[in-house]
Amino acid sequence: MERRLPDLPHEIIYDILSRLPVKPLCRFKSVSKPWLALVTDPQFIKSHLNHQSTNHKKLLVHSLTSPCTCSVDCQAPDHTVAELEMPGKPGFRFLGSFNGILLLHTGNILCLWNPSIRVYQQISRPELSKFPHARILYGLGYDSISDDFKVVRAITIRPPSSDPLIVHVFSSKLNSWKRWTADFNYDIWGNGLGTVLNGAPHWVWHRSYLNTFFPSNQESVIVCFDATEEKFKEVPNPNYEGEDTRIHLGVWGGCLCVVEEHRKRLDSHANFWVMKEYGAKDSWTKLFVVQSVPGEFFFQNLKLLCDTKDGEVVMVLNFCCLVVYNPKQSRYKRIPIPQSCDQYRFRVGFYTESLVSPGGCNGTRRLP
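Residues numbered from 1 in each chain as written. Predicted model: local features only at pLDDT ≥ 70, side-chain atom pairs only at ≥ 80, totals over all residues. Heavy atoms only, no water.

Student: Break down the sheet that holds strand 17 (residues 246-252) for me, citing the residues and quoting the values.
Tutor: Spatial strand order, 17-18-19-20: 4 strands in an open sheet with antiparallel pairing. Edge positions in the sheet fall to strand 17 and strand 20 (284-291), since each of these pairs with one other strand and no more. Along the sheet, successive strands turn relative to each other by an average axial angle of 25°, direction set aside. Where strand 18 (residues 255-262) meets strand 19 (residues 269-275), 7 bridges bridge the pair, whose relative direction is antiparallel. Bridge pairing in strand 19 links Cys257 to Val274. (Pairing = 2+ DSSP bridges. Helix = DSSP H or I, 4+ residues; strand = E, 2+ residues; numbered from the N terminus. Axes fitted to C-alpha atoms, helices over the stretch in contact; angles between N-to-C directions.)

Next up, the structure:
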């Protein structure tokens, strides 16, 4: 006698499916029309994202000397590797990620891309010929009110001047740019990579002083772009250990994290701070200190990528070494670079698996 599967209540099916990885869910779209409607339902996509945000973080590794781009599961015991097909030409800069969407810059094109579902949206940049000596910054934001991914581009004139900031904001939903100018009291330094938290890209800049060309004695400031209000805002700093520091941003446990690097010849170390209540200066807490050990765990540059569900931290050391660090045990283990990629020349970012599509269906394409 043939055994039939029991009919499960819709609520149970919904809960089970919302906890599955993206790949099987994409296959399940062809099971039936009701399942297709469920997996593509905006509310289901949000529920699925809530489950994935801590369990399915992946690294995006892009070789600078070959067309290789891979995803690496940094939480799997064997660091599972899968090759990815990139939208556009090889060679890109990683500019941020949020809810599974990555912002990439390749050539004259910007791109919002979800590698999990192979959907992307190409964005043509506004004209730059009028700003030959400008410092340019990009950031990825998300407006939760209008459910809209936004790309912000800020342009300042070099050297520091009294000219206003030129701001362009792209709406993925409207598939268009708008422009305005704003008073700006900061100098943009570094690579301009924004750390995205709660839909707002965050950067470390310097308080602007006219006729000052070097930032060494300037005050470091954390600035974010509110994608809903479309305004730049300042976030309070922690009380740093000393003046001779280098500051990087990241996200730890859903909170803003500051990595305070102290580079010395034989005693480099990094303090990890977390803002437990966003916007409250008194909530900054020093979590732990990562100590450089010559010959074993030596670093002169440390970049936080993401944290894991087990409380470990994924980092890039000296631009060429991926590691997972356990702060409780003060131990680290290397994440092997995929063999098809250059072992020493690569770019890396991270993303969360999701079913989210940039711009809904407006202007998006799917890789074959």
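Having seen the model, we can carry on.
Student: So, unusual backbone geometry: which residues are in play, and what are the values?
Tutor: In this structure, Asp147 is a non-glycine residue whose phi angle is positive, near 55°. In this model, Asn175 sits at a positive phi of 55°, which is unusual for a non-glycine residue. Its location among the elements puts Asn175 in the loop between strand 10 (165-171) and strand 11 (176-182). Residue class for Asn175 comes out partly exposed when judged on its relative accessible area of 37%. (Buried < 20%, exposed > 50% of the residue type's maximum accessible area, 1.4 Å probe, protein only.)

Student: Please give an account of the pattern of salt bridges that cites residues and values.
Tutor: With the rule as written, the count across this model stands at 9 salt bridges. Measuring nitrogen to oxygen at the nearest pair gives 2.9 Å for the salt bridge that ties Lys58 to Glu353. Of this pair, Lys58 sits in strand 1 (residues 57-63) while Glu353 sits in the loop between strand 25 (346-352) and strand 26 (365-366), placing them 295 residues apart in sequence. Comparing Lys58 with Glu353 shows no difference in burial state: the two are buried. Residue Glu85 is joined to Arg118 by a salt bridge in which the shortest nitrogen-to-oxygen separation is 3.2 Å. Note that Glu85 is positioned in the loop between strand 3 (81-83) and strand 4 (93-98) and Arg118 in the loop between strand 6 (109-114) and strand 7 (119-124), a separation of 33 residues in sequence. Connected through salt bridges with shared partners, the residues Asp143, Lys150, Lys178 and Glu230 form a single ionic network. (Salt bridge = Lys/Arg side-chain N within 4 Å of Asp/Glu carboxyl O.)

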